[in-house]
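# Structure assessment
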Amino acid sequence: MNDLHRLTIHEAHALLKAKKLSSVELTRAVLKHLESTDGKVRACMRVIGQQALECAAAADKAIAAGKANPLTGVPLVIKDNMCTKGVTTTCGSRMLEHFVPPYDAHVVEKLKAANAVIVAKANMDEFAMGSSTENSAFFTTHNPWNLDCVPGGSSGGSAASVAADETIYALGSDTGGSIRQPAGFCGVVGLKPTYGRVSRFGLVAFASSLDQIGPITKDVMDCAIVLNVIAGHDKRDSTTVPLNVPDYTKALKSDIKGLRVGVPREYLVEGMQPEVRQAIEAAIKELEKLGATVDRDVSLPNTRYGLAAYYILAPSEASANLARYDGVKYGYSYRDTTSMWEAMEKTRQFGFGAEVKRRIMLGTYALSAGYYDAYYLKAQKVRTLIRQDFDKAFASYDVLVTPTSPTVAFKIGERADDPVQMYLSDVCTLPINIAGVPGISIPAGFVNGLPVGLQLIGKHFAEETLLRTAYAYEQATPWHTMKPALA
Amino acid sequence: MKLTDEEIRHIALLARLGISDADVEKFREQLSSILENMDILQQVDTTGLAPTSQSVALENIYRPDEMAPSLTADEVLANAPAREDNSFRVNAVLE
């Protein structure tokens, strides 16, 4: 069989279950394609081929014993900020360049219990701070659709690996858009679940009130399949909500008659690429054609404060979370001194890259005596307003539709020295983290050969509604079947 | 909001972040420019609003204090930059 690497999870599962394909065969094909393309894409931080083939052999035994669940024997890539026992987890940072976790993240445990096959850890912006992977301490990932462009970030390695068919699916994490924005830039499906839906135990902490793990997949069916496995309560993450996990694949129906769709006008922002706007408008018309009722004049008036609130809240939480990197317990450690303070300061000076330091400084400032009320507390109150906007909108609409990012992927280097420009590429995604609601990016067309992402937003724990809408749109459009030339 | 060199050095000290002279200048420019973009928050009327610290309204979560298996000392110390017996080794705290 040719082109095994192009399979989706559900296609691979059908073949594995029918014994028309073994996991070892599939894993070999995926690794072979990965080796031939990743020299150009550079999505992977570390490929673990030998371990993957051992897992694949174990998966084949499970399948032979009649224990084939939908992820059994199917290869995936994991963002390098999720702990994998015995496999180096760098978080894109010199600080953790040689860090070998002694335990698995909750989501990794779940995947291993399902006999999933991890083939690689994915490149990312350092500590998930960035929108392009250019902040990785090691190298920049390239967009498979145009190697001169960024894949987005911070889960750029995960999204690029899926788009280039170097894996069947991937996991990413999303604090302000880090799953959805790269999924949009790379033309794949990326879901940020509701805050509290997926455990972050074993995820390197960035901003704890915003971080969430989610799937990056080739289609919406796969997204539902992965969410089925990773969602649910975990007593080791006290923010996970003890709600039942439905079978999300059952929500996938191509009928969305009567669905109430709102288009918040504040998301069709100034500075938006006109062709992206056209693609989003065409997608909205398609939803209408599929039976949704669309209101094009919805207002979320506090959206304009989202970016500012986010860049107070996330760096503040990051400055506290990253205080743990002191050169004592694990990670990089400056040793060339006998002074405790100098060792700590130099460890952090040499271990962290520029963007991480920038955010630690910003957060430290916003939390410091005399500025706390003006910045941090103010941002938390604005957060209440942003949340209330969504609560009000969801009283009248089931789904809100926006672009995932105001532009398609930009050129590597274009925004690297301008933090404010870089932050703007997340302007449509970060209010969703602030409110804690779920959001999904799905492919919605192309501009100059680069994918456009359509973002669908739902109310808390309404992933089923989001997935159903995404599925209906996907089934009616050709975008998810298109592949970059090197895939 | 324009920051001074002195403020940048003070913030770096609070964050225990070593900083070169070149970085002081770079961070002064960049953080001042970022903070200017934050000034928009001061226009918002937040009178009487409660702050939101996280978005899903869970109350305090308690669990029984029960013994359970945990990592061994060797596993915990495997990544330690310097170790002495079952402890992390650090420079003298009191000089």
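This structure is a prediction, so every number in the text was calculated from the model and none was measured.

A separate point is the overall build of chain A. The helix and strand inventory of chain A stands at 15 helices and 11 strands. On C-alpha atoms alone, chain A measures out to a radius of gyration of 21 Å, which is about the 23 Å that the 2.2 N^0.38 rule sets for 487 residues. On the principal axes, the C-alpha backbone points of chain A span a range of 65 × 55 × 45 Å. The buried share among the 487 residues of chain A stands at 62%.

As a further point, take the overall build of chain B. Summing up its helical and strand segments, chain B has three helices and two strands in all. From first element to last, N terminus to C terminus, chain B shows the α and β order α-α-α-β-β. A compact globule built from 95 residues should have a C-alpha radius of gyration of about 12 Å, whereas chain B, at 22 Å, is more than 25% larger. Dimensions of chain B, computed from C-alpha atoms along their principal axes, come out at roughly 55 × 45 × 25 Å.

If you look at the biggest cluster of nonpolar residues, it comprises 167 residues, and the most contacted ones within it are A:Leu76, A:Val117, A:Val119, A:Ala309 and A:Ile312. The residues contacting A:Val119, other than those within four sequence positions of it, are A:Thr27, A:Val30, A:Leu31, A:Leu34, A:Val47, A:Ile48, A:Ala52, A:Pro75, A:Leu76, A:Val77 and A:Thr167.

Moving on: the interface of chain B and chain A. With 42 residues of chain B at the interface, the matching set in chain A holds 55 residues. Elements supplying a minimum of two residues to the side of chain B that touches chain A: α1 (5-14), α2 (21-38) and α3 (73-77) of chain B. With seven residues, the single largest contributor to the side of chain B that touches chain A is α2(B).

We now examine the confidence of the model for chain B. Residue and element names in this part refer to chain B. Taken residue by residue, chain B gives an average pLDDT of 92. The fraction at 70 or more is 99%. No element of chain B has a lower mean pLDDT than α2, at 93, and none a higher one than α1, at 97. Overall fold confidence for the complex sits at a pTM of 0.97, while the interface term, ipTM, reaches 0.95.

This paragraph deals with the environment of A:Thr133. Residues and elements named next belong to chain A. As for its position among the elements, Thr133 is in the loop between β3 (117-122) and α5 (156-163). C-alpha of Thr133 to C-alpha of Asn123: the two residues are 10 residues apart in sequence and 7.3 Å apart in space. Beyond its immediate stretch of four places on either side in the chain, Thr133 contacts Asn123, Met124, Asp125, Thr140, Thr141, Val150, Pro151, Gly153, Gly156 and Gly157.

A word on helix α4 (residues 106-113) of chain A. Every buried residue of α4(A) is listed here: A:His106, A:Val107, A:Val108, A:Lys110 and A:Leu111. Just downstream of α4(A), A:Asn115 is the residue with a positive phi angle, here 60 degrees.

Let's shift gears to the packing of helix α9 (residues 306-321) of chain A against helix α11 (residues 354-367) of chain A. Each pair of packed helices can be summarised by the angle the axes make with each other and by the distance between the axes. All names here are of chain A. Running from N to C, α9 and α11 point in directions that differ by 100 degrees, and their axes come no closer than 7 Å. Accordingly, the angle class assigned to the pair α9 and α11 is roughly perpendicular. Of the residues in α11, those in contact with Ile312, Pro315, Ser316, Ala318 and Ser319 of α9 are Arg359, Ile360, Leu362, Gly363, Thr364, Ala366 and Leu367. For the contact of α9 with α11, the per-class residue count stands at seven nonpolar, four polar and one charged.

This brings us to the pairing of strand β6 (residues 212-217) of chain A. Sheet faces and side chains relate simply in a regular strand, where the side chains alternate between the two faces. All names here are of chain A. The buried fraction of β6 is high, at six of six residues. When strand β4 (residues 169-174) meets β6, the two strands line up antiparallel, connected through five bridges. Paired with Asp174 across the two strands is Gln212, which belongs to β6. Strand direction decides the pairing type here: strand β5 (residues 189-192) and β6, joined by two bridges, are antiparallel. Bridging across to β6, Val189 finds its partner in Thr217.

With 12 residues, helix α10 (residues 340-351) of chain A should reach 16 Å at 1.5 Å per residue; the first-to-last C-alpha distance of 16 Å fits that figure. Taken as a whole, α10(A) has its buried residues at A:Ala343, A:Met344, A:Glu345, A:Lys346, A:Thr347, A:Arg348 and A:Gly351.

All names here are of chain A. Strand order in the open sheet formed by 11 strands is β1-β3-β2-β4-β6-β5-β10-β11-β9-β7-β8, and the pairing between neighbours is mixed. Unpaired on one side and paired on the other, β1 (44-47) and β8 (293-298) mark the two borders of the sheet. For this sheet, the mean inter-axis angle between neighbouring strands, taken without regard to orientation, is 30 degrees. Both β5 and strand β10 (residues 439-447) contribute to a ladder of three bridges, which runs antiparallel. Within the sheet, the bridge partner assigned to Gly190 lies in β10 and is Ser441. Where helix α7 (residues 220-230) meets the sheet, it contacts β4, β5, β6 and β10, and its direction lies at approximately 145 degrees from that of β6.

This part is about unusual backbone geometry. Residue and element names in this part refer to chain A. With an omega dihedral of 10 degrees, the bond running from Gly153 to Ser154 counts as a cis peptide bond. Mapped onto the secondary structure, Ser154 falls in the loop between β3 and α5. Phi is positive for Asp165, which is not a glycine, with a value near 60 degrees. Its location among the elements puts Asp165 in the loop between α5 and β4. Classification of Asp165 by C-beta neighbours within 10 Å gives buried; the count is 22.

With that settled, the discussion passes to the packing of α9(A) against α2(B). Where α9(A) contacts α2(B), the axes come no closer than 8 Å and their chain directions differ by 125 degrees. By the angle between their directions, the pair α9(A) and α2(B) is classed as oblique. Contact with α9(A), carried on its side by A:Ala308, A:Tyr311 and A:Ile312, involves B:Ile34, B:Asn37 and B:Met38 of α2(B) and no other residues of that element. A class-by-class count of the residues in the contact of α9(A) with α2(B) yields five nonpolar, one polar and no charged.

Attention now moves to the environment of A:Ala207. If you trace the backbone, A:Ala207 turns up in the loop between β5 and β6. When the C-alpha positions of A:Ala207 and A:Glu464 are compared, they lie 26 Å apart, and in sequence the two are 257 residues distant.

It is worth spelling out the pairing of β8(A) at this point. In this structure, strand β7 (residues 260-264) of chain A lies alongside β8(A), joined through four bridges in parallel fashion. Paired with A:Arg260 across the bridge in β8(A) is A:Thr293.

Reading the values: the criteria
- For every chain, the first residue of the written sequence is number 1, and numbering continues from 1 onward in sequence order.
- For this description, chains carry letters from A and ligands carry numbers from 1, given in the order in which they are written.
- Only residues with pLDDT of at least 70 are given local features in this predicted model, and only at 80 or more are side-chain atom pairs given and counted; all residues enter the totals for whole chains, interfaces and linings.
- We count a stretch as a helix when DSSP gives it H or I for four or more residues in a row; a strand needs E for two or more, and each element gets its number in order from the N terminus.
- Within these notes, the globule rule equals 2.2 Å times the number of residues to the 0.38 power, and the radius of gyration is based on C-alpha atoms.
- Field definition: a residue is buried when 20 or more other C-beta atoms are found within 10 Å of its C-beta, exposed when 12 or fewer are, and partly exposed for counts in between, with C-beta atoms placed from the backbone.
- By our criterion, buried Ala, Val, Leu, Ile, Met, Phe, Trp, Tyr and Cys residues that link up through C-beta atoms within 7 Å make up a nonpolar core.
- Note that contacts rest on C-beta atoms placed from the backbone: two residues are in contact if these are within 7 Å.
- You can read pLDDT as the predictor saying how much it trusts each residue, on a scale of 0 to 100.
- Axis lines are fitted to C-alpha atoms, over the contacting stretch for helices. Their N-to-C directions set the angle, which ranges from 0 to 180 degrees.
- Angular relationships are summarised with four words: roughly parallel below 35 degrees, roughly antiparallel beyond 145, roughly perpendicular across 65 to 115, and oblique for the angles in between.
- Under the scheme applied, nonpolar residues are Ala, Val, Leu, Ile, Met, Phe, Trp, Tyr, Cys and Pro; charged residues are Asp, Glu, Lys and Arg; polar residues are all the others, including Gly.
- Criterion used throughout: strands pair if DSSP finds at least two bridges between them.
- Take the residue count of a helix, subtract one, and multiply by 1.5 Å to get its expected span.

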